[in-house]
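# An overview of the molecular structure
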Amino acid sequence: MESMSDKPNVALLGCGYWGKNLARNFHRLRALSCVCDPSEAGRATASAIADGVQTTDQFETVFRDSEIDAVAIATPAPSHFELAAEALRAGKDVFVEKPMTLHADEADQLQEIAKEQQRVLMVGHLMEYHPAVQHLREAITGGEFGEVRYLISNRLNFGIVRTAENAWWSLAPHDISVILRLMGGLPESVTCHGGSFVTEGVNDLANAQLQFSAGRQARIAVSWLHPVKERKLFVIGSERSAIFDDTANSLTLFDQQVNVNKGIPELNDQGAKSIVLPVDEPLQRECQHFLECVQTRATPLTDGASGAAVVRVLEAGQRSLEQGGKEIQIDEH
């Protein structure tokens, strides 16, 4: 990039249910210069959030604008690949919301285009920017948990019921991205069972098991028909365990081990402690990270490779759903 003011000029594509949150944060960070949304309602929302911001209903206008340094994409998932590819080829750095694409080969193509164009490509895996997840990642890397044996992630709510995108694709990307980060890579296989209760063929419920090397496991439960909201992550290690409750913004560590003495398991519980977490918004951290990567040309934490890995797990889970819960091997690529 030849020159840039103190903050990159970011154009937001899509200002709907989630895009409005990106608009708010990029505006707060003084980086939002334009919002593009084909709908009048989306453009009105942008104007209400960021008074005076330029709006347009034409994506091409954004891609042709030499004053735009970067593009954030929060349009419906089926449009992610085409818009991200066009933005990258137009010389823009790109932030694309989850899921990165709907097919792993498209995710791979975006990585190649970004490399060819020497552009930053970042995926909106929000939970990886939560202080609790960052604390867990550092503690696991530092060996505090010993061997991580299994993870359980529940994302349940009586929430927005979709009639096209199923709960697996809509909700599970959050959990998958965190699990892959904490486990250090892709699982060997995915088994996924679901249920379609509202719209035929659209799973309102999905329960998946991810099998990792050395017998390690992870389990994911997602639903938008649950009577109460629950967003919890359980991390079970040989030396320590943890519970991250996203709804309460709390992280609790448990110093618990099972020692085997002469063939007899003995429980060793040394108590629990709560970790004080910052109250700042993870989305603002994520947006700030993108701006810093655009300015410094650093590789984002949630780069194209991590986005593609999540899509691979999503695809495997979808195939398992369609085949009645058959175990699907993951293509490492």
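The structure contained in this document is the topic of the report that follows.

Reading the values: the criteria
Residues numbered from 1 in each chain as written. Predicted model: local features only at pLDDT ≥ 70, side-chain atom pairs only at ≥ 80, totals over all residues. Heavy atoms only, no water. Phe/Tyr/Trp six-rings, centres within 6.5 Å; stacked < 30°, edge-to-face > 60°. Helix = DSSP H or I, 4+ residues; strand = E, 2+ residues; numbered from the N terminus. Buried < 20%, exposed > 50% of the residue type's maximum accessible area, 1.4 Å probe, protein only. Pairing = 2+ DSSP bridges. Axes fitted to C-alpha atoms, helices over the stretch in contact; angles between N-to-C directions. Disulfide = S-S within 2.5 Å. Contact = heavy atoms within 4.5 Å. 1 Å grid on protein atoms, 1.4 Å probe; cavity = no way out; pocket = protein on both sides within 12 Å on 5 of 7 lines; lining within 4 Å. Points joined across faces, edges and corners; volume = space filled by probe spheres on them. Nonpolar A, V, L, I, M, F, W, Y, C, P; charged D, E, K, R; others polar. Expected span 1.5 Å × (residues − 1).

### Looking at the packing of aromatic side chains
On inspection of all chains with the given rule, the structure shows three aromatic pairs. For the ring pair Phe26 and Phe290, a centre distance of 6.4 Å and an interplane angle of 75 degrees mean the geometry is edge-to-face. In this pair, Phe26 is assigned in helix H1 (residues 19-28) and Phe290 in helix H8 (residues 282-296), connecting sequence segments 264 residues apart. By the burial criterion, Phe26 is buried, and Phe290 matches it. Among the aromatic residues, those joined into a ring-pair cluster are Phe26, Phe95 and Phe290.

### Description of the environment of Gln284
Following the sequence through the fold, Gln284 ends up in helix H8. Overall, the relative accessible area of 27% leaves Gln284 in the partly exposed class. The sequence separation of Gln284 and Arg216 amounts to 68 residues, and the corresponding C-alpha distance is 33 Å.

### Notes on the sheet that holds strand E3 (residues 54-56)
Taken together, the six strands give an open sheet; going across it, the order is E3-E2-E1-E4-E5-E6, and neighbouring strands pair in parallel fashion. The open sheet has two edge strands, E3 and strand E6 (121-124), and neither has a second partner. In this sheet, adjacent strand axes meet at a mean angle of 20 degrees when their direction is disregarded. Summarising the sheet, strand E1 (residues 10-13) and strand E2 (residues 32-36) pair through four bridges and their orientation is parallel.

### A closer look at the environment of Gly52
As for its placement among the helices and strands, Gly52 is situated in the loop between helix H2 (40-49) and E3. You can call Gly52 exposed: its relative accessible area is 71%. Taking the C-alpha atoms as reference points, Gly52 and Met127, separated by 75 residues in sequence, lie 31 Å from one another.

### Examining the state of the cysteines
Note: disulfide means a covalent bond formed between the sulfur atoms of two cysteine side chains. Inspection of the entire model under this criterion finds zero disulfides. The closest cysteine sulfur to the non-disulfide-bonded Cys15 is located on Cys36, 11 Å from its own sulfur.

### Points about the sheet that holds strand E8 (residues 189-195)
Within a sheet, each strand pairs with its neighbour through backbone hydrogen bonds, oriented either parallel or antiparallel. On the basis of which strands lie adjacent, the open sheet formed by nine strands has the order E14-E13-E12-E11-E7-E10-E9-E8-E15 and mixed pairing. Lying at the two open borders of the sheet, with one neighbouring strand each, are strand E14 (264-275) and strand E15 (328-329). Bridging between E8 and E15 involves two bridges; their strand directions are antiparallel. By the bridge assignment for E15, Ser189 is matched with Gln329. Docked against the sheet, helix H6 (residues 131-141) engages strand E7 (148-158), strand E11 (225-237), strand E12 (241-245), strand E13 (250-261) and E14, running at close to 30 degrees with respect to E13. Here helix H7 (residues 167-183) sits on the sheet in contact with E7, E8, strand E9 (205-211), strand E10 (217-223) and E11, set at roughly 155 degrees to E10.

### Some thoughts on the layout of surface pockets
Space inside the largest pocket adds up to approximately 1,300 Å³. Taken together, 44 residues form the lining of the largest pocket, with Tyr17, Trp18, Lys98, Arg162 and His174 sitting closest to its centre. Of all elements in the fold, only H1, E7, H7, E11 and H8 reach the threshold of two or more residues within the lining of the largest pocket. The element best represented in the lining of the largest pocket is H7, accounting for four residues. Across the lining of the largest pocket, the residue classes tally to 21 nonpolar, 13 polar and ten charged. If you add up the space inside the second largest pocket, you get close to 230 Å³. As for the second largest pocket, its lining consists of 13 residues, of which Gln111, Ala114, Arg119, Leu121 and Gly304 are closest to the centre. Secondary-structure elements contributing two or more residues to the lining of the second largest pocket are helix H5 (104-117) and helix H9 (304-322).

### Some remarks on H5
For H5, spanning 14 residues, the distance from its first C-alpha to its last is 20 Å, which sits close to the expected 20 Å at 1.5 Å a residue. Every buried residue belonging to H5 is among Ala104, Ala107, Asp108, Leu110, Ile113 and Ala114, and all of these are buried. Taken together, the buried residues of H5 touch helix H4 (80-89), E6 and H9. Looking one or two places after H5, you find Gln118, whose phi comes out positive at around 55 degrees.

### Side note on empty space enclosed by the protein
Counted by the stated rule, this structure contains one cavity of 30 Å³ or more. Estimated volume of the largest cavity: approximately 100 Å³. Lining the largest cavity are 13 residues, and of these Ser153, Arg155, Asp175, Leu233 and Phe244 lie nearest its centre. Breaking the lining of the largest cavity down by element, the ones donating at least two residues are E7, H7 and E11. Considered class by class, the residues forming the lining of the largest cavity number five nonpolar, three polar and five charged.

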